[in-house]
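What follows is each chain in one-letter form.
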Amino acid sequence: MKYSSLLCIVVCSAALGQGPDPKKAESAFSQGRRAENAGKTEEAIARFSEAIQAAPDFAAAYRHRARLRQSKGLVPEALADLNAALRFQQDDAEAYHLRGDVLLRVGEADKALRDFDAALRLGREHSDLYASRGDAHAALQQYREAVEDFTKAIKLRLDRSDYYQRRGLAYQKMEHYQDAIEDYTRSAEFNPTVAGPLVDRGFCYGQLGNFQAAITEFTRALGIEPKNPRALGLRGEAYRRTGEFQKSIADFTAAIEIDDRNQDLFLSRGSAYIQLQDFQKALEDRDRAVRLKPDHAEAYIARGGSYHLVGQHERGISDRSEAIRLKPTLPEAWFARGSALFLLGDFEKSRTDLKEALRLKPEYPEAKTVLAQVESRIAEIAAAGIKPASPPAVAAAEPPPAPAPAPRIVTQAQTAPAEPAPVVVAAGPVTVTAPVTVAKVVEPREPKAAPPVDPAPPPTPKSVPAVPPAPATVSPKKVVPARKDTREAAALHKRGRAQLEAGEFKKAAGTLSEAIQADNTNPMIWNARSFAHLRLKEYAKAISDATQAIELNPKYGNAYRNRSVARRLRGDTAGAAEDAERAKRFE
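Residues numbered from 1 in each chain as written. Predicted model: local features only at pLDDT ≥ 70, side-chain atom pairs only at ≥ 80, totals over all residues. Heavy atoms only, no water.

Let us look at the overall build of the protein. Looking only at helices and strands, one finds 28 helices and zero strands in the protein. Taken across its 587 residues, the protein has 54% of its residues classed as buried. If you sum the accessible surface of the protein, you get close to 26200 Å²; carbon and sulfur atoms cover 52% of it. (Helix = DSSP H or I, 4+ residues; strand = E, 2+ residues; numbered from the N terminus. Buried < 20%, exposed > 50% of the residue type's maximum accessible area, 1.4 Å probe, protein only. Areas by Shrake-Rupley, 256 points an atom, 1.4 Å probe, with all protein chains shown as cover.)

Next up, the structure:
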């Protein structure tokens, strides 16, 4: 009886399928692989599940099932499978790679990076692995490392357009806009019917201040994808930068019809209305921006400016106060309220606000200028022994807007209150990136976009990663008027400008040199050639030509802007900052 019971247990256990069954597991796994290769995802998952049921320690079955689950968006299930795969096979480099991808997808870039490193240590030399690690570095804002990884991925697979796109985005984040343009160009060559690379390339042209080239890129992108809100928003910002405000408003309006929840589009269109002196419509757009994001301090600053422009000063001050409440460390909020109080005659309160703005941002030239005026008025009143009068109810000029957000890669247009940065849609891995705001020319929410180009003044440049100190600036010789043939010079200048807009920078430099020979007293020609040298990465020559333009016209804002960019690219950050301030003063 004892033995018959034991026999029954063994037989029943076998009948119930208990215990590993390697043959059954291998058979199910093979069927799963065939289904996977045939694109039959559900069937493949079922077969891999059978393999795991027959052999619970079958690491490869977990890994393959994880890949398919990830493709279906079943992220927690995929992660559980990969954890199991690595529990049973700790040297599975592919499983580390896959788990890194899943972790990156759920926003755990630091953990993903560790998995990618483990896969590389185990000898997995694969282009996608380097690209994935590049994405992880980019997510952690380690852009230099990201560029290195994308470069390794490109060397292994020269035909992958997305690698160029992703490296371009990393360059963009480093403000290496020319390098980014070259990568976006390669990506566009692989995908001539895709709008993304064109939009991103346009964004970079905008950051370099070449708004005409940016407009050309966005227009080409819209020819491929007419309802691309990012391209519309960025082109709208570029038009605003070139003074074509009606076209700017038309583009922002078209983008808003596609995406009416995008606060930045309303802020940018509001800025265009301001420049057309349609203050009521500007107020309506800025009010909509506030209602879309009631916790956004910069929107209150912008709306406050509109309230002042239509004579509603109490509301204007209230909005600036709300901006301070929401973001007390934002110097622009204190400056905006302090400027408004000064214009309204409340000098003591104005002084308090402006001092706080300078405490938060010691190098804030606008705040220093207004504070000096405030101190002067207070001193005059004290000297005269006059009791300060109540603030007059006069229309206040709109204080300067808060700095525009920097470009990032996104899928909708984004623009800053009063300053465009490449906006809206992004290309490549999510960053967009943006500024983009173009909304400064846009792929929007990034710091003020970088500098200069001849046709229109670009956004104020921000600091860039450290580079070797620049050699001493070339000091140009004082211009001695040569023969003057203004007609010939004008014709050559016009041809050179056309070559600049076409991207033929070497030809443009030659043509503009001929123009200077015909008339070396025209600062616009010197500045145009400076820009050509800038685009050719001949920074010393760019600085020299811009300096000649300034010698001829000391109030030439765009020449200061071009020289600022060239100085920054040579590592002279202090000189670049000085020129940027002069550019703002004269533009």
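Next comes the rest of the account.
Once that is clear, we can look at unusual backbone geometry. For Glu175, which is not glycine, the phi dihedral falls at a positive 65 degrees. Turning to its location among the elements, Glu175 is positioned in the loop between helix H10 (161-173) and helix H11 (177-190). Judged by its relative accessible area of 4%, Glu175 is buried. A positive phi angle, close to 60 degrees, is found at Gln277, a residue other than glycine. With respect to the element layout, Gln277 can be found in the loop between helix H16 (263-275) and helix H17 (279-292).

Moving on, we get to the pattern of salt bridges. Summed over the entire model, instances satisfying the criterion amount to 47 salt bridges. A salt bridge links Arg235 to Asp251; the nearest nitrogen and oxygen atoms lie 2.6 Å apart. On the criterion of sequence distance, the pair formed by Arg235 in helix H14 (residues 229-241) and Asp251 in helix H15 (residues 245-258) is long-range, its members being 16 residues apart. In this structure, Arg235 and Asp251 share a single accessibility class: buried. With a closest N to O distance of 2.8 Å, Arg303 and Asp287 form a salt bridge. With Arg303 in helix H18 (residues 297-309) and Asp287 in helix H17, the pair connects residues that are 16 residues apart, well separated along the chain. (Salt bridge = Lys/Arg side-chain N within 4 Å of Asp/Glu carboxyl O.)

Before going further, it helps to spend a moment on the side chain of Ser161. Following the sequence through the fold, Ser161 ends up in helix H10. Setting aside chain neighbours within four positions, we find Ser161 in contact with Ser187, Phe190 and Asn191. (Contact = heavy atoms within 4.5 Å.)

Looking now at the nonpolar core. Of all hydrophobic cores here, the largest spans 107 residues; its most connected members are Phe29, Phe58, Cys204, Phe335 and Val374. Here this core takes seven residues from helix H13 (residues 211-224), the largest share from any one element. Cys204 has contacts with Gln172, Tyr177, Ala180, Ile181 and Tyr184, leaving out every residue within four places of it along the chain. Judged by nonpolar contacts, the second largest core, of 27 residues, contains Ala515, Trp526, Ala549 and Tyr560. (Core = buried A, V, L, I, M, F, W, Y, C linked by side-chain atoms within 4.5 Å.)

For the pair H18 and helix H19 (residues 313-326), interaxial distance at closest approach is 7 Å and the crossing angle is 170 degrees. Looking at the two axes, H18 sits roughly antiparallel to H19. You can see that H18 and H19 cross each other, and the crossing is left-handed. Only His313, Arg315, Gly316, Ile317, Asp319, Arg320, Glu322, Ala323 and Leu326 of H19 make contact with H18, whose side of the interface consists of Ala297, Tyr300, Ile301, Arg303, Gly304, Gly305, Tyr307 and His308. Its residues placed into classes, the contact of H18 with H19 shows seven nonpolar, five polar and five charged. (Axes fitted to C-alpha atoms, helices over the stretch in contact; angles between N-to-C directions. Parallel < 35°, antiparallel > 145°, perpendicular 65-115°, else oblique. Left-handed = near helix turned anticlockwise from the far one by under 90°. Nonpolar A, V, L, I, M, F, W, Y, C, P; charged D, E, K, R; others polar.)

So, on to the packing of aromatic side chains. The final tally for this structure, using the stated rule, is seven aromatic pairs. Here Phe29 and Phe48 contribute two aromatic rings whose centre-to-centre distance is 5.6 Å and whose plane-to-plane angle is 50 degrees, an arrangement assigned as tilted. One end of the pair, Phe29, is in helix H2 (residues 22-37); the other, Phe48, is in helix H3 (residues 41-54), with 19 residues separating them in the sequence. For Phe29, a relative accessible area of 13% gives the class buried. With a centroid separation of 5.1 Å and 45 degrees between ring planes, the pair formed by Phe335 and Tyr364 is classed as tilted. Taken together, the residues Phe335 in helix H20 (residues 331-343) and Tyr364 in the loop between helix H21 (347-360) and helix H22 (365-384) connect sequence positions 29 residues apart. Per residue, the accessibility class of Phe335 equals that of Tyr364, and both read buried. An aromatic cluster is present here, built from Phe29, Phe48 and Phe58 joined pairwise through their rings. (Phe/Tyr/Trp six-rings, centres within 6.5 Å; stacked < 30°, edge-to-face > 60°.)

Okay, helix H4 (residues 59-71) next. Taking 1.5 Å per residue as the helical rise, H4 with its 13 residues ought to reach 18 Å, and the 19 Å between its terminal C-alpha atoms agrees with that figure. Where burial is concerned, most of H4 is hidden: eleven out of the 13 residues are buried. Looking at H4, one finds that the buried residues are Ala59, Ala60, Ala61, Tyr62, Arg63, His64, Arg65, Ala66, Leu68, Arg69 and Gln70. Downstream of H4 by one or two residues, Gly73 has phi in the positive range, about 85 degrees. (Expected span 1.5 Å × (residues − 1).)

The next point concerns the packing of H17 against H18. Running from N to C, H17 and H18 cross one another at 155 degrees; their axes reach a closest spacing of 9 Å. When the interaxial angle is binned, H17 and H18 end up roughly antiparallel. For the element pair H17 and H18, the recorded crossing hand is left-handed. Across the interface between the two elements, Phe279, Ala282, Leu283, Arg286, Asp287, Ala289 and Val290 from H17 touch Ala299, Tyr300, Ala302, Arg303, Gly305, Ser306, Tyr307 and Leu309 from H18.

A word on the confidence of the model for the protein. In the predicted model, the protein carries a mean pLDDT of 81, and 80% of its residues have values of at least 70. Ranking the elements of the protein by mean pLDDT puts helix H1 (residues 2-15) last with 38 and H15 first with 97. (pLDDT = per-residue confidence, 0-100.)

Next up on the list: the side chain of Asp519. Of note, Asp519 is situated in the loop between helix H24 (505-518) and helix H25 (523-535). One polar contact links Asp519 to Thr521, side chain to side chain, over a distance of 2.6 Å. (Polar contact = N/O pair within 3.5 Å; in protein donor to acceptor, adjacent residues only side chain to side chain.)

Let us now look at H21. Turn by turn, an α-helix covers 3.6 residues, leaving residues three or four places apart pointing in a common direction. Between its terminal C-alpha atoms H21 stretches 20 Å, which fits the 20 Å expected from 14 residues at 1.5 Å a residue. Within the span of H21, buried status applies to Phe347, Ser350, Asp353, Leu354, Glu356, Ala357 and Leu358. As for H21, its buried residues are in contact with H20 and H22.

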